Amino acid sequence: FWASGGHVLLRASPLAGGTSTPRASFSVASLSSRFDVSGPKPVLLVDGEAVNDGLEPGELPPLEIRVAAPDGNVTRYTLGTSGRTLGPGQRFAFSSRLDVPKNGVGTVSVTFTR
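Thresholds applied
- Residues numbered from 1 in each chain as written.
- Predicted model: local features only at pLDDT ≥ 70, side-chain atom pairs only at ≥ 80, totals over all residues.
- Heavy atoms only, no water.
- Phe/Tyr/Trp six-rings, centres within 6.5 Å; stacked < 30°, edge-to-face > 60°.
- Helix = DSSP H or I, 4+ residues; strand = E, 2+ residues; numbered from the N terminus.
- Salt bridge = Lys/Arg side-chain N within 4 Å of Asp/Glu carboxyl O.
- Buried < 20%, exposed > 50% of the residue type's maximum accessible area, 1.4 Å probe, protein only.
- Core = buried A, V, L, I, M, F, W, Y, C linked by side-chain atoms within 4.5 Å.
- Contact = heavy atoms within 4.5 Å.
- Polar contact = N/O pair within 3.5 Å; in protein donor to acceptor, adjacent residues only side chain to side chain.

With respect to the packing of aromatic side chains
Evaluation of the coordinates by the stated rule reveals 1 aromatic pair. Ring centres 6.1 Å apart and planes at 50° place the aromatic pair F26 and F112 in the tilted group. Placement of F26 in strand β3 (residues 26-36) and of F112 in strand β10 (residues 107-112) is noted, with a sequence separation of 86 residues between them.

Observations regarding the pattern of salt bridges
Under the definition given, this model contains 5 salt bridges. The salt bridge partner of R66 is E64, with a shortest N-O separation of 2.5 Å. Judged by relative accessible area, R66 falls into the partly exposed class, the value being 32%. A residue is classified by how much of its surface remains accessible, and E64, at 13% relative accessible area, is buried. Across the pair R76 and E64 runs a salt bridge, and its minimum N-O distance is 3.8 Å. With R76 in strand β7 (residues 74-79) and E64 in strand β6 (residues 63-68), the pair connects residues that are 12 residues apart, well separated along the chain. Among the charged side chains, a salt-bridge network with shared partners connects E64, R66 and R76.

Re the nonpolar core
With 14 residues, the main nonpolar core has L44, V46, L60, I65, F92, L98 and V110 as its most contacted residues. Elements that contribute at least two residues to this core include exactly β4 (43-52), β6, β9 (91-99) and β10. Excluding residues that lie within four positions of it along the chain, L44 makes contacts with S33, R34, F35, V67, S96, R97, L98, V100, V105 and V108.

A closer look at the environment of N103
Looking at where N103 falls in the secondary structure, it is placed in the loop between β9 and β10. Note on N103: relative accessible area 42%, which makes it partly exposed. Considered as a pair, N103 and N73 are 30 residues apart in the sequence and their alpha carbons are 8.1 Å apart. Every residue in contact with N103, bar those within four places of it in the chain, is listed here: A69, P70, D71 and N73. A distance of 2.9 Å separates polar atoms of two side chains, one belonging to N103 and the other to D71.

Thoughts on the side chain of N52
Looking at the secondary structure, you find N52 in strand β4. Judged by relative accessible area, N52 falls into the buried class, the value being 1%. Within the structure, N52 has its side chain in polar contact with the backbone oxygen of E56 (distance 2.9 Å). Ignoring sequence-local partners within four residues, the contact set of N52 consists of A24, S25, F26, P57, G58, L86, G87, P88, G89 and Q90.

Here it is in structure tokens:
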């Protein structure tokens, strides 16, 4: 059974009196961002962890880092996860070095692309 954004294997149907299978559920934890001005050009460092909060293993989707400037312009960066599978409770640490946008940085957020 194919659905937008991935696939699901159904083991039991709720219509047949079974229960639905628990799925992987991903969240972003321990997110931090800071500037590094020690080099000739300042960079934005973004660190965090993706966590499987679900009850089944699942393939970790790519991450999208959104850097919003104070004027509302948003720059998006995609951080691949190489199709890594995370088991229940497992974590995937990530880190990225980004150019500081010309308009500055207002907020930084990280989500999953699918």
